[in-house]
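Chain residues, written in single-letter form:
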Amino acid sequence: MLLAPSWGLLMSAATSMSLGLTGSPPMHTASGKSMRTSESVVRKIGVLEPQIFGARIAGFLRSIHPQKTAACVEAETRISSRTVSKWLEGASSPAGNAYHRLIEVYGPELFVFVNPDASPASLREAALMCRQARLERQVEEKQREIAELRAGR
């Protein structure tokens, strides 16, 4: 499960640990055994640094809507294009209700794109099925456009 990006301190700490920036030696129990670090727990629950989270969301939205991204996302999600533009520029990232709305509209495909390492196999499979259905709809739309062009000759 992806935690909300507003948990900035936890994510910064997690990033520091995953990059080896903590600089502190491993801790040991009274018996001398090494203690498990929170790094392994953080990686399992899928916490992302806010900049990475925002960049991945922006990348996904651009891949779905390569042109007029903000306007298209607004049309599909009813999230203002001004807000979406801030995400695309990297000035902010979706939080709370906005992220939930994106998940409602774009489904598992978005979740897996944003956090592939924390996605279970069943969710990755659902994302592939959603992507295939989306691409098939695009093909049908293009075929209709071609048919309309031919009919206009």
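J.: Teacher, can you tell me more about the packing of helix H4 (residues 69–77) against helix H6 (residues 96–114) here?
T.: Here H4 crosses H6 at 85 degrees, and the two axes come no closer than 10 Å. Here H4 lies roughly perpendicular to H6, going by the angle between them. In contact with Val 73, Glu 76 and Thr 77 of H4, H6 contributes Arg 101, Leu 102, Val 105 and Tyr 106.

J.: How should I be thinking about unusual backbone geometry in this particular structure?
T.: Among all residues save glycine, negative phi is the norm, and among peptide bonds the norm is trans. Phi angles above zero are rare outside glycine, and Lys 68 is one such case at about 55 degrees. Within the secondary structure, Lys 68 sits in the loop between helix H3 (50–64) and H4. Classification of Lys 68 by relative accessible area gives exposed; the value is 70%. For Arg 78, which is not glycine, the phi dihedral falls at a positive 65 degrees.

J.: What is the right way to look at the nonpolar core in this model?
T.: Where a protein is soluble and globular, its nonpolar side chains tend to be buried together. Core analysis: the largest hydrophobic core is formed by 20 residues, its most contacted members being Ile 57, Leu 61, Val 84, Trp 87, Leu 102, Tyr 106 and Leu 110. Looking at this core, the elements with two or more residues in it are H3, H4, helix H5 (81–89) and H6. Ignoring any residue separated from it by four or fewer positions in sequence, one finds Leu 102 in contact with Ile 57, Leu 61, Val 73, Thr 77, Ile 79, Trp 87, Pro 94, Gly 107 and Leu 110.

J.: Explain the packing of H4 against H5 here, please?
T.: Packed helices, taken two at a time, are described by the angle their axes make and the gap between the axes. With their axes 8 Å apart at the nearest point, H4 and H5 run at an angle of 130 degrees to one another. As judged from the angle between their axes, H4 and H5 are oblique. Of the two possible hands of crossing, H4 and H5 adopt the one that is right-handed. In this structure, H4 contributes Thr 69, Ala 70, Ala 71, Val 73 and Glu 74 to the contact, and H5 contributes Ser 81, Val 84, Ser 85 and Leu 88. A breakdown of the residues in the contact of H4 with H5 according to their chemical character gives five nonpolar, three polar and one charged.

J.: Please clarify how the pattern of salt bridges should be interpreted in this entry.
T.: Side chains bearing opposite charge may pair, as long as their charged atoms lie close to each other. For the coordinates displayed, the defined rule picks out three salt bridges. The partner of Glu 104 in a salt bridge is Arg 101, with the nearest N and O atoms 2.9 Å apart. Of this pair, Glu 104 and Arg 101 both sit in helix H6, three residues apart, roughly one helical turn. For Glu 104, a relative accessible area of 59% puts it in the exposed group. When the shortest N-O distance is used, the salt bridge between Glu 109 and Arg 134 registers 2.5 Å. Placement of Glu 109 in helix H6 and of Arg 134 in helix H7 (residues 121–151) is noted, with a sequence separation of 25 residues between them. There is no split in this pair, since Glu 109 and Arg 134 are both buried.

About the criteria used
- Residues numbered from 1 in each chain as written.
- Predicted model: local features only at pLDDT ≥ 70, side-chain atom pairs only at ≥ 80, totals over all residues.
- Heavy atoms only, no water.
- Axes fitted to C-alpha atoms, helices over the stretch in contact; angles between N-to-C directions.
- Helix = DSSP H or I, 4+ residues; strand = E, 2+ residues; numbered from the N terminus.
- Parallel < 35°, antiparallel > 145°, perpendicular 65-115°, else oblique.
- Contact = heavy atoms within 4.5 Å.
- Buried < 20%, exposed > 50% of the residue type's maximum accessible area, 1.4 Å probe, protein only.
- Core = buried A, V, L, I, M, F, W, Y, C linked by side-chain atoms within 4.5 Å.
- Left-handed = near helix turned anticlockwise from the far one by under 90°.
- Nonpolar A, V, L, I, M, F, W, Y, C, P; charged D, E, K, R; others polar.
- Salt bridge = Lys/Arg side-chain N within 4 Å of Asp/Glu carboxyl O.

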